[in-house]
Amino acid sequence: MNHILHLRSLISGQTFRPDEVDYVDPAYGPDGVLDVVYDYDAVGHDISRESLRRNGDTSIWRYKPLLPVEPDAEVPPLQIGWTPLYATPRLAADLGLRRLWVKDDGRNPTASFKDRASAIAVVKGRERGAEIITTASTGNAAAALSGICASMGQANVIFVPEKAPQAKVAQLLAYGATVMLVRGSYDDAFELCLQAADAYGWYNRNTGFNPYMTEGKKTASLEICEQLNWDAPDRIFVSVGDGCIIGGLHKGLKDMMALGWIEKMPRLMGVQAAGSNYLAEAWERNEDVLTKPPIDAQTVADSISAGLPRDRLKAMAAVKETGGAYITVSDDEILAAIPALARGSGVFAEPAGAAAYAGLIKAVDRGMVSADERVVVLNTGSGLKDVAGAMKGVELAGTQPHRVDANLDDLRRVMGMVWRPGF
Ligand SMILES: *Cc1c(COP(=O)(O)O)cnc(C)c1O
């Protein structure tokens, strides 16, 4: 048995048995997001900081008793999670901070953070005997779902906006997914996927709709704290689109507080693109996200482009309840952060990943972070996901390759110009 006590509606507080509802509070439809509530006494029986020290599993499944899956569930063979947390002293010094870490989730099997959630979706879908698992996605959630499905021979149907970056579509096709390029936005793809899953009886991974996605995503905060030897950081910077990642980080932190694994709650710092700032605006203006209408989202960081963030209730709570903040960054600041992060740490991020670092730069500029705080920046996706975005970033940084004839004399001429005369 897993240790789920019940599913609790974020709107009404009503609770449901996991076999009563699959996704949302039926009274509220897709807005009726559910939280998975655990029996922490039972969890604490099966897992502890000491048992983790002895656990050689270097994947999200090291936290299985804290996940919504059965102990004997068949899990994907791909290694998901337990991504590196790098100390980055040069970046820290540049920003006037003493301690800064970058967690690189581009290192997951399909090269984004989304593998953490999709892994749970595939296990839950198979638990229900689903013939097909489906999702709508800006790209990464789909790549994660189709890659993990491929590792288990599971059929899947994917809905992405037709403008999704080529690398992400290439992944889907290579993994053998049935791919629907939807003529419209991510929000249109989301609606169509909901209708399709309902009409065909497919298992639906959709973010903010499937309550178990938060549970997969929370493994990142479990890892951050374990990797810091249970001395939780002061702040975690993460980019936000639908809000599932930031909600998931919050959930993991609340789990650890409840289990007595950490002593203080880090502040969650949500970073949004200025052109996709639904949550930042709602936070600044103290608006009710259940009645705030969708915005027209436009940003170069496709993974955080969301006109109506599907996990907005959890995303707002994550920042409010931890004393964090929302910050917005422009597309140019996001693109410039790609080479800045790569040069200072060796971590190559896609625009949405670099946005978190751009947010830290801005927060430091505004005096929101003090020098002695311990800060973690989460890179959510690999730079190889969006090569066009990376090229724009290096152009902004003024970096260009050098043209050279294939002989040493010409190389000497060029090195003399770019390195130092006479080199
Ligand atoms: C999905 C995604 C995000 C944002 O996650 P949300 O849960 O939508 O807020 C950020 N970065 C990358 C690379 C992503 O794929």
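Residues numbered from 1 in each chain as written. Predicted model: local features only at pLDDT ≥ 70, side-chain atom pairs only at ≥ 80, totals over all residues. Heavy atoms only, no water.

### Things to note about the packing of helix α10 (residues 244-259) against helix α12 (residues 312-322)
- It is at 7 Å that the axes of α10 and α12 come closest, and there the two elements cross at 50°. Classed by the angle they form, the pair α10 and α12 counts as oblique. Note on packing geometry: the crossing formed by α10 with α12 is left-handed. On α12, the residues that touch Ile 246, Gly 247, His 250 and Lys 254 of α10 are Lys 314, Ala 315, Ala 317, Ala 318, Val 319, Glu 321 and Thr 322. (Axes fitted to C-alpha atoms, helices over the stretch in contact; angles between N-to-C directions. Helix = DSSP H or I, 4+ residues; strand = E, 2+ residues; numbered from the N terminus. Parallel < 35°, antiparallel > 145°, perpendicular 65-115°, else oblique. Left-handed = near helix turned anticlockwise from the far one by under 90°. Contact = heavy atoms within 4.5 Å.)

### A closer look at the sheet that holds strand β9 (residues 203-204)
- One open sheet holds the four strands; their spatial order is β8-β7-β6-β9, and the pairing between them is parallel. Both outer strands of the open sheet, β8 (178-182) and β9, are each paired with one neighbouring strand and no more.
- In this structure, strand β7 (residues 155-161) lies alongside β8, joined through five bridges in parallel fashion. By the bridge assignment, Ile 158 is partnered in β8 with Val 179. (Pairing = 2+ DSSP bridges.)

### Description of unusual backbone geometry
- You will see that Ala 111, though not glycine, has its phi angle at about 75°, which is positive.
- Locating Ala 111 in the fold gives a position in the loop between β5 (99-104) and α4 (115-127).
- On the basis of relative accessibility, which here comes to 18%, the residue Ala 111 falls in the buried class.
- At Trp 230, a position not held by glycine, the phi torsion is positive, near 65°.
- You can call Trp 230 buried: its relative accessible area is 10%. (Buried < 20%, exposed > 50% of the residue type's maximum accessible area, 1.4 Å probe, protein only.)

### Focus on the sheet that holds strand β13 (residues 374-379)
- Strand order in the open sheet made by the six strands is β4-β5-β13-β10-β11-β12, with mixed pairing throughout. The sheet terminates laterally at β4 (85-87) and β12 (325-329), the two strands that pair on one side only. Neighbour to neighbour, the strand axes of the sheet diverge by 25° on average, direction disregarded.
- Direction of pairing for β5 relative to β13: parallel, over a ladder of six bridges. Across the sheet, the residue bridging to Asp 104 is Asn 379, located in β13.
- Most of the contacts of helix α11 (residues 278-285) go to β12, to which it runs at about 130°, and overall it touches β11 (267-273) and β12.

### Considerations on the packing of helix α13 (residues 331-345) against helix α14 (residues 351-365)
- Look at α13 against α14: their axes get within 7 Å of each other, and the N-to-C directions meet at 95°. Put simply, α13 runs roughly perpendicular to α14. Note on element contacts: α14 touches α13 through Pro 351, Ala 354, Ala 355, Tyr 357, Ala 358 and Lys 362, opposite Glu 333, Ile 334, Leu 335, Ala 337, Ile 338, Ala 340 and Leu 341.
- Along the lines of polarity and charge, the residues of the contact of α13 with α14 split into 11 nonpolar, no polar and two charged. (Nonpolar A, V, L, I, M, F, W, Y, C, P; charged D, E, K, R; others polar.)

### Side note on helix α9 (residues 219-227)
- The buried fraction of α9 amounts to eight of the nine residues, a majority that puts the element mostly inside the structure.
- The set of residues buried in α9 consists of Thr 219, Ala 220, Ser 221, Leu 222, Glu 223, Ile 224, Cys 225 and Glu 226.

### Observations concerning the domain arrangement of the protein chain
- Segmenting the protein chain into domains produces domain 1 (4-77 + 112-212) and domain 2 (85-110 + 214-396).
- On the side of domain 2, 42 residues touch domain 1, which itself brings 47 residues to the contact.
- Taken together, the two surfaces of domain 1 and domain 2 that pack against each other cover about 4,100 Å², and 54% of this comes from carbon and sulfur.
- Considering only the surface of domain 1 that becomes buried against domain 2, Arg 49, Phe 113 and Arg 116 emerge as the three largest contributors, covering 20% of it.
- Put simply, domain 1 and domain 2 have nine salt bridges between them.
- The residue Arg 62 makes a salt bridge to Glu 226 at a minimum N-O spacing of 2.6 Å. (Domains from an automatic or database assignment. Buried area = accessible area lost by both parts, 1.4 Å probe. Salt bridge = Lys/Arg side-chain N within 4 Å of Asp/Glu carboxyl O.)

### A closer look at the site of the ligand
- Inspection of the region around the ligand gives 16 residues, with Lys 114, Asn 140, Asp 242, Gly 243 and Thr 380 positioned closest.
- For the ligand, an oxygen atom lies 2.7 Å from a polar atom in the side chain of Lys 114.
- Isolated, the ligand exposes 380 Å² of accessible area, and the fraction of that covered by the protein chains is 98%.
- For the shell around the ligand, the residue count by class is five nonpolar, seven polar and four charged. (Near = heavy atom within 4 Å. Polar contact = N/O pair within 3.5 Å; in protein donor to acceptor, adjacent residues only side chain to side chain. Areas by Shrake-Rupley, 256 points an atom, 1.4 Å probe, with all protein chains shown as cover.)

### Details of the pattern of salt bridges
- What the rule picks out here adds up to 28 salt bridges.
- Here Asp 410 and Arg 413 are joined by a salt bridge, their closest N and O atoms 2.6 Å apart. Of this pair, Asp 410 and Arg 413 both sit in helix α16 (residues 408-418), three residues apart, roughly one helical turn.
- What makes Asp 410 buried here is its relative accessible area of 11%.
- With relative accessibility at 42%, the residue Arg 413 sits in the partly exposed group.

### Regarding the pairing of strand β3 (residues 34-38)
- Burial runs high along β3: four of the five residues are buried.
- One ladder, built from five bridges, connects strand β1 (residues 4-9) with β3; its direction is antiparallel. Within β3, the residue paired with Ile 4 across the bridge is Tyr 38.

### Description of the nonpolar core
- Counting residues in hydrophobic clusters, the biggest one holds 93 residues, and the most contacted among them are Phe 159, Ile 246 and Tyr 326.
- The residue makeup of this core includes at least three contributed by each of domain 1 (4-77 + 112-212) and domain 2 (85-110 + 214-396).
- Ignoring anything within four residues of it in the chain, the contact list for Phe 159 reads Thr 134, Thr 135, Ala 136, Ser 137, Met 180, Val 182, Ala 189, Leu 192, Cys 193, Ala 196 and Trp 202.
- Core analysis: the second largest hydrophobic core is formed by 35 residues, Val 102, Val 271, Ile 327 and Leu 335 among them. (Core = buried A, V, L, I, M, F, W, Y, C linked by side-chain atoms within 4.5 Å.)

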